[in-house]
Structures are given as structure tokens and as C-alpha cells.
Amino acid sequence: MKLLIDDANVEKIRKLVAEYPVDGVTTNPSILAKAKRNPIETLHEIREIIGQDALLFVQAVPTDTEGMIKDAKAITKEFGQNTIVKIPSIPAGFAAIRELKKMGIHTCGTVVYTPMQAYLVAKAGADYVAPYVNRIDNMGYDGVGVVKEIQNILTNNHMDTEVLAASFKNSMQVLSLCEYGVGAATAAPDVIEALVKNAAIDQAVDTFVDDFKKLGYGDSMAEILDK
Ligand code: G3P
């Protein structure tokens with residue numbers, strides 16, 4: 001499963017990219033709005049941090065087919081290879097995805113709440129499909145279950161489209177989908193960090209260091225070997 005950061009805070013992204021094996025960054029208009037600065041500048045800075053080989057997801061803002069295609073062309077021209085354009089999974093979006101596929105522009109059908117939306121954007125030629133786990137949960141359905149259903153639809157229909165599960169509230173939701181083997185998941189920095197934040201882990205690491213120091217030879221293997 002690919003793991004991506006769902007955020008546009010460049011400081012948080014810089015820290016996570018330095019430490020975690022992430023595959024890229026996903027954004028949407030609301031995420032960019034939270035950064036409260038020129039969205040193009042923000043996206044350029046993110047691209048610089050993650051490098052050109054990592055995935056960068058940028059959403060087309062218009063809701064009509066022509067506008068989506070225009071945004072998609074502008075986005076990919078500006079941010080280069082490995083930039084994927086998120087297109088809302090509505091009828092106008094199905095048409096845009098089909099046209100963009102012909103142009104060789106990579107897309108992700110986003111705002112997915114139902115398996116049927118996922119099936120249709122996959123059929124239209126999207127590279128990714130982004131179901132909103134937590135928002136589905138909040139509607140009284142099983143978000144993780146819906147994503148598994150979507151993964152089954154894609155697998156059983158031999159579709160190349162990858163699931164990019166999004167909208168997570170907690171790390172267990174991410175882990176369940178990792179175990180199921182979905183293509184990708186994108187989560188906010190705090191949800192990613194929560195996957196490895198645990199007092200027992202910190203205590204175990206600290207104990208190893210303390211025990212070694214108590215031996216009295218030095219604080220590290222290198223220190224002893226360099227003597
Ligand atoms: O990109 C989609 C995702 O960011 C939505 O997440 O937390 O706004 O439901 P959320």
C-alpha cells in the first residue's frame with residue numbers, strides 16, 4: 001500500500017518526508033485554503049520538498065467538464081511528471097476523466113462516497129479512485145467496508161485503477177485497509193504519526209540506550225570502536 005500525506009502544511013510535510021517512507025502528498029481546495037497563502041506557491045514548495053519522483057495530487061476546482069479539463073492541463077503543465085489531477089466523481093467528471101485519459105493526463109476520481117461512483121470513474125479511465133472513509137462513517141455507513149467493497153469491484157473486474165483511500169480519523173482505519181491490501185491511503189500527519197506513537201515503544205528504546213550506557217564503555221558502538 002502506498003502511503004501519502006493529506007496536508008498542505010509545508011513544515012509538517014518537510015518533517016514527515018524526512019523521517020517516514022511516504023510516497024507523496026495529496027491536496028484538495030479545502031486543504032490548500034487552510035494554508036492561507038497562494039495555492040500555486042504552496043504546491044511548488046511541496047513539490048520541491050517531495051521531489052519530482054514522488055506523487056503530488058492536485059484537484060481541479062471547476063465542476064463542469066470543460067473547466068476540469070482546463071484546470072487539469074494547467075496543473076500538469078505547472079507541476080510536471082507524477083502529478084495526478086483529482087477530479088470530482090460526478091457525471092461531468094466522468095467525461096473529463098475520459099478526455100484526460102486520451103491526452104495522457106493521470107487522474108484520480110475523488111469525492112467518492114459510493115461503490116458505483118468508484119466503478120464509473122475506473123471505467124472512465126481514472127488511475128486512482130478516492131473514497132472518503134471517515135465521511136462515510138459519519139453518514140452512518142461503514143467507511144472501511146465500503147473501501148473494501150470498491151477494492152473487490154476493481155479486482156473482480158480486472159480494472160487497473162488503484163484505490164486511494166482518504167478521509168481518515170484514526171490510524172486503525174488506515175491499518176485495516178493496509179491489511180486488506182488496497183493500493184494507497186492518504187492521511188493527515190497526526191493520523192500517520194499515531195500509527196507509531198506509543199509510550200511502550202519509547203520506553204523500550206530508552207531502556208536499550210540506558211542499559212548500554214550503564215556498561216560504562218561509551219554511549220554508542222561507534223564511540224567504542226573509534227577509541
Ligand atoms: O482529500 C480528501 C480528504 O482530504 C477528505 O478528508 O478529513 O476532509 O474528510 P476529510
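Look up a bit, the structure's there.
It should be emphasised that the depicted structure is a prediction, and the values quoted were computed from it without experimental measurement.

Engineer: Explanation requested: the side chain of Thr107 in the structure shown.
Structural biologist: With respect to the element layout, Thr107 can be found in strand S5 (residues 107-112). Note on Thr107: relative accessible area 1%, which makes it buried. If sequence neighbours within four positions are ignored, Thr107 has contacts with Ile84, Val85, Ile87, Ile97, Leu100, Gly125, Ala126, Asp127 and Tyr128.

Engineer: What is the right way to look at the pattern of salt bridges in this model?
Structural biologist: Summed over the entire model, instances satisfying the criterion amount to eight salt bridges. One salt bridge connects Glu45 with Arg14, and the closest N-O pair in it is separated by 3.4 Å. With Glu45 in helix H3 (residues 39-50) and Arg14 in helix H1 (residues 10-19), this residue pair connects regions lying 31 residues apart in the sequence. Looking at Arg14, the relative accessible area reads 39%, which means it is partly exposed. The class for Glu45 is partly exposed, based on a relative accessible area of 23%. Each of Glu11, Arg14, Arg37 and Glu45 takes part in salt bridges that share partners, so that together they form one network.

Engineer: Mind showing me how you'd approach the environment of Ala130 here?
Structural biologist: Its location among the elements puts Ala130 in strand S6 (residues 128-131). When its relative accessible area of 1% is taken as the criterion, Ala130 is described as buried. As for Ala130 and Ser89, which are separated by 41 residues in sequence, their C-alpha atoms are 9.1 Å apart. Once you skip the residues sitting within four places of it in the chain, Ala130 turns out to touch Cys108, Gly109, Thr110, Val111, Val112 and Leu164.

Parameters at a glance
Residues numbered from 1 in each chain as written. Predicted model: local features only at pLDDT ≥ 70, side-chain atom pairs only at ≥ 80, totals over all residues. Heavy atoms only, no water. Helix = DSSP H or I, 4+ residues; strand = E, 2+ residues; numbered from the N terminus. Buried < 20%, exposed > 50% of the residue type's maximum accessible area, 1.4 Å probe, protein only. Contact = heavy atoms within 4.5 Å. Salt bridge = Lys/Arg side-chain N within 4 Å of Asp/Glu carboxyl O.

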